[in-house]
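Descriptive analysis of the structure
Here are the chains, one letter per residue:
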Amino acid sequence: MEAADWFIPRVTRNAEVNHRRKRKMAVHSCSYSALLLIICSVSVFIFADSQDTTLSGGHHAAAVEDNPQAATEAAAKTSEQPAVEERSWEATEVEEATLHEAAADKRDTPAPETEAPSPIPQPKDDFQEELVIRPLHSGDIYASFQFRTLWETDFMSGNKVSHYRLFPKSLGQVISKFSVRELHISFTQGYWRTMQWGQPFQPAPPGAELWVWFQDSVTDVDGTWKELTNVLSGIFCASLNFIDSTNTVQPSASFKPLGIGNVTDHRFLRYATLPLEIVCTENLTPWKKLLPCGSKAGLTVLLKSEKLFHSSFHSQAVHIRPVCQDWQCKTTSWELRQTLNVVFDLHTSGQGKREWSLFKMFSRTLTEACPLASSSKIYIDITDDPQGELFELSPATPLLSQAMVLGDRRTFSVYDLTQPVTFGTVRSLNLLIRWKSSEGDMLRPLLHAERYVAGYGLQTGEIHTLMYNNHPYRSFPVLLLDTVPWYLRLYIHTLTVTSKGKDNKPSYIHYQPSKDRLRPHLLEMLIQLPPNSVTEVTVEFERALLKWTEYTPDPNHGFYVGNQLSCTEHCRHGYKHNDGSSTFQQLERPMITFSISPSFPCKEESSFFVRVYTEPLLVNLPTPDFSMPYNVICLTCTVVAVGYGSLYNLLTRSFQIEEPSPGLAKRLANIIRKMRGVPPL
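Keep in mind it's a predicted model, so treat the numbers as computed, not measured.

1. Section: the overall build of the protein
Along the backbone of the protein there are 12 helices and 26 strands. Across the 681 residues in the protein, those meeting the buried criterion constitute 42%. Per element, the accessible surface of the protein, about 38,600 Å² overall, is 56% carbon and sulfur.

Below you can see the structure in the form of structure tokens.
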């Protein structure tokens, strides 16, 4: 009974194992059957395909026999197959677009008359570049580069702008983040000699200058100004981070917005200068990177640092403002204008010849315009030599242009770089200016200013400002802006203004006294300059004594005082709307006539706006003898080393009596006595 009970479960287990084996065999047999079926199907398809190919080949052979001309055309089409492969990416794009459209049609399946929505128009932008060359009577040559980028977008609406094409993204983000309405910054190396060179197209003071208009939505203007200077310092590789409250002012009458709009709330204006800022290659490189073509094509290939900085004067600037796009000002755009002015000295070239060319000035020639520029032109000022008697211009051009510049109608020879004819057969443009005669009358500037420090000693002094009005019969109202550091304490009651030996009372005065180590002096005056006169402004000051930690590493060199700004009344270029805002005219003439600083007249008989900067001052302050601490330290260390060292040796040294050593004979005798066993002597 027990054996049977043991056998029944074993039989049951064997039956289960056999059943599983049968199921596996059935599955394998089904798999083999399916695999054989697939192989047979594939064989049938391959056989059918080969039959079709054979048939088509037969038909093709028959067609060739019947029509040999058609065969020749087919061979020609086959030979053109590489050209089709080169344009295959276009067909791919069309095919992908067709697939997407088909998928969209399948998803949408309503009536077939449904039209696709029109694409959203992208913001429009435009880029122009030009170079204006003016031969000076001194034999020097003045070159002014203008790069203008217009972008039809709105940074003020609060919408985030993510796509940038021609407008630099770094500056666009600065405008959006800090709510900037206008930004004007310049870096200048050297001083503009007004009496020798005349008025510049873009006046700028030596060193760095920055003035910004913020939007009225900014609550903390001072904090935003500080952050903005730090960001701009990184963008332009400059020392703008040294701008703080001690050199920042808030003018009330000297500046107005140069773009559209009537808001002149000077609470949102900040102005600062750094007269000691040195301009070099590290400032030029980021400036060039803001251009759409960089330094690869167009006029920017001429901007070679070793040539630009080997000059008498060099100034680069960036101006950003909103402008009107059309005459009705229905649409607005943001204008970025990058300018670079340079004056090459006749004697720095090493040859001393009155002859200039693009290769001699920039070590480069022009081969093409910037591909992204809608306009690329070179203007040569030939106003002083319309008949070609003073200098010769080669190659000659039949294109001429006239414009009112600095109160004078100027004539320019125009070279359009977008036309292949300009480059000739050699595909290179190298303008040559060769002087024939050194004669010629130099035009005296209508307005000129200079400043100097008078007095003796290191306690008090006087600041003298001389403003020259060379017009024979017309007087000019001049707005004078002067910022003086806090360590020069002005005596405002000593302020005097004299013209032709008589007192000239200012019609407007705004003075903000300084606070030690917090803010500088701010003086604004509106003065009427009589015709053909010299007006002198004098004010006394007292020098402050600084803390020894506030002196520079070279205190005996002196401290720089920022330049003084003189400007006449405004005369806007362009039309005026009902709200009184000015705009930018779209005319076919040099962009210098639409300069950021409106230094050009509205018409021949009207007054025009001029900014004149004086040279910075170098003032000596009471400086302690920093060599005395060094002498005291040396004397103290000597006394300590000698006195304390001797006392320490006396207190810590142990003294012992040393017996004199015996002579040689005595030592030999002691050795012999020791050998004999006799006590030594």
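Don't stop here, the text continues.
2. Quick notes on the packing of helix H5 (residues 169–178) against helix H7 (residues 221–236)
Packing of H5 against H7 brings their axes to within 11 Å, and their N-to-C directions diverge by 175 degrees. On the basis of the axis angle, H5 is roughly antiparallel to H7. Along the contact surface, H5 presents Ser170, Val174 and Phe178, while H7 presents Thr224, Glu227, Leu228, Val231 and Ile235. Of the residues that constitute the contact of H5 with H7, the class distribution is 5 nonpolar, 2 polar and 1 charged.

3. Quick notes on the state of the cysteines
Taken as a whole and judged by the stated rule, the model has 1 disulfide. The disulfide partner of cysteine 293 is cysteine 370, and the gap between their sulfur atoms is 1.8 Å. The disulfide joining cysteine 293 to cysteine 370 has a torsion of about 70 degrees about its S-S bond and is therefore right-handed. Taken together, the residues span a long stretch of sequence, with cysteine 293 in the loop between helix H8 (281–289) and helix H9 (305–308) and cysteine 370 in the loop between helix H10 (358–362) and strand S10 (375–381) at a distance of 77 residues. Here cysteine 293 and cysteine 370 have matching classes, each one buried. Not part of a disulfide, cysteine 280 finds its nearest cysteine sulfur in cysteine 237, a span of 9.0 Å. Here cysteine 280 falls in the partly exposed class, since its relative accessible area comes to 29%. Between cysteine 634, a cysteine without a disulfide, and cysteine 637, which holds the nearest cysteine sulfur, the sulfur-to-sulfur distance is 6.8 Å.

4. Comments concerning the sheet that holds strand S16 (residues 460–469)
Taken together, the 5 strands give an open sheet; going across it, the order is S15-S16-S22-S18-S19, and neighbouring strands pair in antiparallel fashion. Both outer strands of the open sheet, strand S15 (447–454) and strand S19 (502–503), are each paired with one neighbouring strand and no more.

5. Remarks on the confidence of the model for the protein
Of the residues in the protein, 72% reach a pLDDT of 70 or more, and the chain-wide mean stands at 76. A low-confidence stretch, residues 24–32 stays under pLDDT 50, and its non-local contacts, those more than four residues away or across chains, total 0 contacts. Throughout residues 595–606 the model reports pLDDT below 50, and contacts reaching past four residues in sequence, or to other chains, amount to 47 contacts.

6. Details of the pattern of salt bridges
Scanning the model with the defined rule gives 14 salt bridges in all. A salt bridge links glutamate 392 to arginine 434; the shortest N-O distance between them is 3.6 Å. Of this pair, glutamate 392 sits in strand S11 (residues 391–394) while arginine 434 sits in strand S14 (residues 432–435), and the two are 42 residues apart along the sequence. Glutamate 550 is paired through a salt bridge with arginine 517; the nearest N and O atoms lie 2.4 Å apart. A residue pair is termed long-range when its members are at least 10 positions apart, and glutamate 550 in the loop between strand S22 (533–543) and strand S23 (559–561) and arginine 517 in the loop between strand S20 (508–512) and strand S21 (521–529) qualify at 33 residues. One network of salt bridges, with partners in common, ties together Arg148, Arg321, Glu335 and Arg337.

7. What about the pairing of S15?
By the bridge criterion, 8 bridges tie S15 to S16 in an arrangement that is antiparallel. Its bridge partner lying in S16, alanine 449 is registered against methionine 467. The antiparallel pairing of S15 with S16 creates a hairpin that spans 5 residues between the two strands, and glycine 455 there sits at a positive phi of about 115 degrees.

8. Things to note about the side chain of asparagine 563
With respect to the helices and strands, the residue asparagine 563 is situated in the loop between S23 and strand S24 (565–568). Asparagine 563 sits in the buried class, given a relative accessible area of 5%. Residues contacting asparagine 563, with those up to four places away along its chain left out, are Pro205, Pro206, Arg451, Tyr613, Thr614, Glu615 and Pro616.

9. Here's the deal with helix H12 (residues 664–676)
Its 13 residues place the ends of H12 19 Å apart at the C-alpha level, agreeing with the 18 Å of an ideal helix rising 1.5 Å per residue. In the stretch just after H12, glycine 677 is the one whose phi turns positive, near 85 degrees.

10. Comments concerning a nonpolar patch on the surface
Taken together, the side chains of Leu664, Leu668, Ile671 and Met675 make up a nonpolar region of the molecular surface, amounting to roughly 460 Å² of accessible area. Mapping isoleucine 671 onto the fold places it in helix H12. Accessibility expressed as a relative area gives 48% for isoleucine 671, which makes it partly exposed.

11. Examining H5
One turn of an α-helix holds 3.6 residues; hence residues three or four places apart share an orientation. Within H5, burial applies to Leu171, Gly172, Val174, Ile175 and Phe178. The buried residues of H5 occupy an angular sector of 160 degrees when projected down its axis, which confines them to one face. Phi turns positive, to about 55 degrees, at serine 179, one or two residues after H5.

Rules used throughout
Residues numbered from 1 in each chain as written. Predicted model: local features only at pLDDT ≥ 70, side-chain atom pairs only at ≥ 80, totals over all residues. Heavy atoms only, no water. Helix = DSSP H or I, 4+ residues; strand = E, 2+ residues; numbered from the N terminus. Buried < 20%, exposed > 50% of the residue type's maximum accessible area, 1.4 Å probe, protein only. Areas by Shrake-Rupley, 256 points an atom, 1.4 Å probe, with all protein chains shown as cover. Axes fitted to C-alpha atoms, helices over the stretch in contact; angles between N-to-C directions. Parallel < 35°, antiparallel > 145°, perpendicular 65-115°, else oblique. Contact = heavy atoms within 4.5 Å. Nonpolar A, V, L, I, M, F, W, Y, C, P; charged D, E, K, R; others polar. Disulfide = S-S within 2.5 Å. Pairing = 2+ DSSP bridges. pLDDT = per-residue confidence, 0-100. Salt bridge = Lys/Arg side-chain N within 4 Å of Asp/Glu carboxyl O. Expected span 1.5 Å × (residues − 1). Patch = residues over 30% accessible without salt bridge, like charges linked within 9 Å, V, L, I, M, F, W, Y side chains within 5 Å. Arc of directions from axis to C-beta.

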